[in-house]
Amino acid sequence: MDLNGSEQDPEMKAYSAVWVGREDNIKKSERMTAVVHDREVVIFYHKGEYHAMDIRCYHSGGPLHLGDIEDFDGRSCIVCPWHKYKITLATGEGLYQSINPKDPSAKPKWCSKGVMQRIHTVTVDNGNIYVTLSNDSFKCNSDFYATGNFKVIKSSS
Ligand code: FES
């Protein structure tokens, strides 16, 4: 369902908000998958907030909707079930731990690779959840797996 009636312009339509489900349902399941303008996304409900991102992991296309959510360095992340990459729910950053090899006593520190997973916008209106695809022009690593060849969902759910 388009919120802003942009059916006339296909380019604008790709970035119009799409209804994906009811708030009651996602609050119970804490996650859902959806196809938004032919792009597969996963929506998480975590600690009272909604987050949407490309469903396939930026590393090798792992199914993020099947991962666990854990906190690292105080940031909530989805942990990819394939190779355990950690992706922040709020920003799509890839987190990793690094250690200074010249200082064996040092504790590993959490670092960010920058935004690797494309994050989309979730809006809630009268108990309905909508997702608007990101149209940020930067090249995001997860874009590669958001093409037709890597689809995992056959229809909106
Ligand atoms: Fe996600 Fe490798 S595919 S960590």
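Residues numbered from 1 in each chain as written. Predicted model: local features only at pLDDT ≥ 70, side-chain atom pairs only at ≥ 80, totals over all residues. Heavy atoms only, no water.

Brief notes about the overall build of the chain
No. 1: Scanning the chain from N- to C-terminus turns up two helices and 11 strands.
No. 2: Looking at the 157 residues of the chain, the share that counts as buried comes to 44%.
No. 3: Considering only contacts within the chain whose residues lie at least 6 apart along the sequence, 47% involve residues at least 24 apart.
No. 4: Summed over all atoms, the accessible surface of the chain reaches about 8,800 Å², with 49% contributed by carbon and sulfur. (Helix = DSSP H or I, 4+ residues; strand = E, 2+ residues; numbered from the N terminus. Buried < 20%, exposed > 50% of the residue type's maximum accessible area, 1.4 Å probe, protein only. Contact = heavy atoms within 4.5 Å. Areas by Shrake-Rupley, 256 points an atom, 1.4 Å probe, with all protein chains shown as cover.)

Some words on the sheet that holds strand β7 (residues 86–88)
No. 1: Taken together, the five strands give an open sheet; going across it, the order is β5-β6-β7-β8-β9, and neighbouring strands pair in antiparallel fashion. Every interior strand has two partners, whereas the edge strands, β5 (68–72) and β9 (109–115), have only one. The average undirected angle you get between the axes of adjacent strands in this sheet is 40 degrees.
No. 2: Examined bridge by bridge, β7 and strand β8 (residues 93–98) share two bridges and lie antiparallel to one another. Paired with Ile87 across the bridge in β8 is Gly94. (Pairing = 2+ DSSP bridges. Axes fitted to C-alpha atoms, helices over the stretch in contact; angles between N-to-C directions.)

Concerning the sheet that holds strand β1 (residues 18–22)
Sheets are built from strands paired through backbone hydrogen bonds, the pairs being either parallel or antiparallel.
No. 1: Strand order in the open sheet made by the six strands is β1-β11-β10-β4-β3-β2, with antiparallel pairing throughout. Pairing within the sheet leaves two strands with one partner each, and these edge strands are β1 and β2 (31–36). Strand-to-strand twist of the sheet, defined as the mean angle between neighbouring strand axes without regard to direction, takes the value 30 degrees.
No. 2: Sheet analysis places strand β10 (residues 119–125) next to strand β11 (residues 128–132), joined by five bridges and oriented antiparallel. Across the sheet, Val122 pairs through a bridge with Val131, a residue of β11.

Focus on the packing of aromatic side chains
No. 1: Across all of its chains, the model carries four aromatic pairs by this definition.
No. 2: The ring of Phe72 is capped by Lys86, whose NZ or CZ atom sits 5.2 Å from the centre of that ring.
No. 3: Taking the ring centre of Phe138 as reference, the NZ or CZ of Arg118 above it sits at 4.8 Å. (Phe/Tyr/Trp six-rings, centres within 6.5 Å; stacked < 30°, edge-to-face > 60°. Lys NZ or Arg CZ within 6 Å of the ring centre and 35° of its normal.)

With respect to the pairing of strand β6 (residues 75–79)
No. 1: With four of five residues buried, β6 is to be regarded as a mostly interior element.
No. 2: The antiparallel pairing of β5 with β6 creates a hairpin that spans two residues between the two strands, and Asp73 there sits at a positive phi of about 55 degrees.
No. 3: Bridging between β6 and β7 involves three bridges; their strand directions are antiparallel. The residue bridging Cys77 from the neighbouring strand is Thr88, located in β7.
No. 4: Remark: six residues form the turn of the hairpin made by β6 and β7, two consecutive strands paired antiparallel; Lys84 in that turn has positive phi of roughly 65 degrees.

Concerning the UniProt feature "domain: Rieske" (unreviewed entry) in the chain
No. 1: Those places that UniProt annotates as "domain: Rieske" (unreviewed entry) correspond, in this numbering, to residues 17–131.
No. 2: Segment residues 17–131 splits into 6% helix and 54% strand. End C-alpha atoms: 5 Å apart. (UniProt positions renumbered as here; feature names shortened; annotations may be inferred.)

Details of the nonpolar core
No. 1: By size, the foremost hydrophobic cluster in this structure holds 15 residues, and its most contacted members are Val20, Ile26, Val36, Ile43, Val122 and Val131.
No. 2: If you list the elements that add at least two residues to this core, you get β1, β2, β3 (39–46), β4 (49–54) and β11.
No. 3: Not counting residues up to four positions away in its chain, the partners in contact with Ile26 are Arg31, Met32, Ile43, Phe44, Tyr45, Tyr50 and Ile129.
No. 4: In this structure, Met53, Cys57, Leu64 and Ile87 belong to the second largest nonpolar core, which totals 12 residues. (Core = buried A, V, L, I, M, F, W, Y, C linked by side-chain atoms within 4.5 Å.)

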